[in-house]
Amino acid sequence: MNNNWLENLKISKRQNEKRFAVLLDPDKIPTGEELYKWLNEIEQSRATDILIGGSHLSKGNTEELVKNAKKQTSLPVVLFPGSPEQVTEHADVLLFLSLVSGRNADLLIGRHVEAAPLIMVMDIETIATAYLLVGDGPLTTAAYITQTLPIPSAKPELAVATASAAVLLGMQAIYLDAGSGAANSIPTEVVSAVSNAVDVPIIVGGGIQDFEGMERVWAAGADLVVLGTVLEKVRDFSQLTPS
Ligand code: 1GP
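Residues numbered from 1 in each chain as written. Predicted model: local features only at pLDDT ≥ 70, side-chain atom pairs only at ≥ 80, totals over all residues. Heavy atoms only, no water.

## Examining the pairing of strand E5 (residues 125-133)
In terms of burial, E5 is a largely internal element, eight of the nine residues being buried. Each parallel crossover has a hand, and for strand E4 (residues 93-99) linked through helix H4 (residues 105-120) to E5 it is right-handed. Summarising the sheet, E5 and strand E6 (residues 173-177) pair through five bridges and their orientation is parallel. Its bridge partner being in E6, Ala130 is matched across the sheet by Ile174. (Buried < 20%, exposed > 50% of the residue type's maximum accessible area, 1.4 Å probe, protein only. Helix = DSSP H or I, 4+ residues; strand = E, 2+ residues; numbered from the N terminus. Right-handed = clockwise from strand over helix to strand, strands pointing away. Pairing = 2+ DSSP bridges.)

This is how it looks when you write it as structure tokens:
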């Protein structure tokens, strides 16, 4: 099992080279010619990574989308799976997520036990990732589907304690998520508190709308910023260039 993606992310972190991922939700992105055009635009944008997955999929085909993203772009394709069914070895990297902000045993370890025998025989870089939902509502799909309470935004110390525990348990990256389409992105105070407390790469997403929003979380210590909803709606990178 190689670990190139994580090593590269650590190098980016050390060199303060901020990265930006486009999240493709298999349920919400176009197919056919439209998908082809969108993947070309992603390839030509300043995006450094592609994440694929969703907390709740009803019709999308993750494996097909991964294969298309691999074929039509040169960016690393990173799985961000909401369930074991979304795991495919055609991606470069698997974020093996444990929902450490919640107390749902299934999402802390249960699904992982189901998926592990398959993952062990796959040739895919697998990164133990602590996944923290943070926010105060309105209720996001992620919070509803996982049936967990997010960490309150005004309590950075709870996010720090949670992220620290995850690192002590051996987790290799932290994903701070306000939830897809969240009304408010993660407060910069939470990002900077977690970034100051732990050394592992920090991924931040949820509710980020524009370049200024990305810059704010980068400046607070995020190493990789993830954008999904805003790009699904407009499929246009112009709001992500400095004004
Ligand atoms: C969701 O962090 C991702 O898990 C991206 O969120 O869709 O709000 O950009 P958005």
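## Points about the pairing of strand E7 (residues 202-205)
Where burial is concerned, the two faces of E7 agree: the one with Ile202 and Val204 and the one with Ile203 and Gly205 are both buried. Pairing between E6 and E7: four bridges, direction parallel. Directly across from Asp177, in E7, lies its bridge partner Gly205. Where E7 and strand E8 (residues 224-227) come together, three bridges link them in parallel fashion. Paired with Val204 across the bridge in E8 is Val225. Since E7 and E8 lie parallel, the crossover through helix H8 (residues 211-220) that links them has a hand, and here it is right-handed.

## Considering the environment of Leu75
Along the chain, the position of Leu75 falls in the loop between helix H3 (62-72) and strand E3 (77-79). Residue Leu75 is classed as buried on the basis of its relative accessible area of 10%. Beyond its immediate chain neighbours, meaning those up to four positions away, Leu75 contacts Ile42, Glu43, Ala47, Thr48, Asp49, Ile50 and Asp92. (Contact = heavy atoms within 4.5 Å.)

## Examining the sheet that holds E8
In spatial order, the strands read E1-E2-E3-E4-E5-E6-E7-E8; together these eight strands close into a barrel with parallel pairing. Going from strand to strand, the sheet's axes swing by 30° on average, the running direction of each strand aside. Relative to E5, E4 is paired through seven bridges, and the arrangement is parallel. When the bridges of E5 are listed, Leu94 appears paired with Thr126. (Axes fitted to C-alpha atoms, helices over the stretch in contact; angles between N-to-C directions.)

## Section: the packing of helix H7 (residues 188-197) against H8
The geometry of H7 relative to H8 is characterised by a closest axis approach of 8 Å and an angle of 30° between their N-to-C directions. Between H7 and H8, the crossing angle belongs to the class labelled roughly parallel. Crossing handedness for the pair H7 and H8: right-handed. Residue-level contacts link Thr188, Val191, Ser192 and Ser195 of H7 to Arg216, Val217 and Ala220 of H8. (Parallel < 35°, antiparallel > 145°, perpendicular 65-115°, else oblique. Left-handed = near helix turned anticlockwise from the far one by under 90°.)

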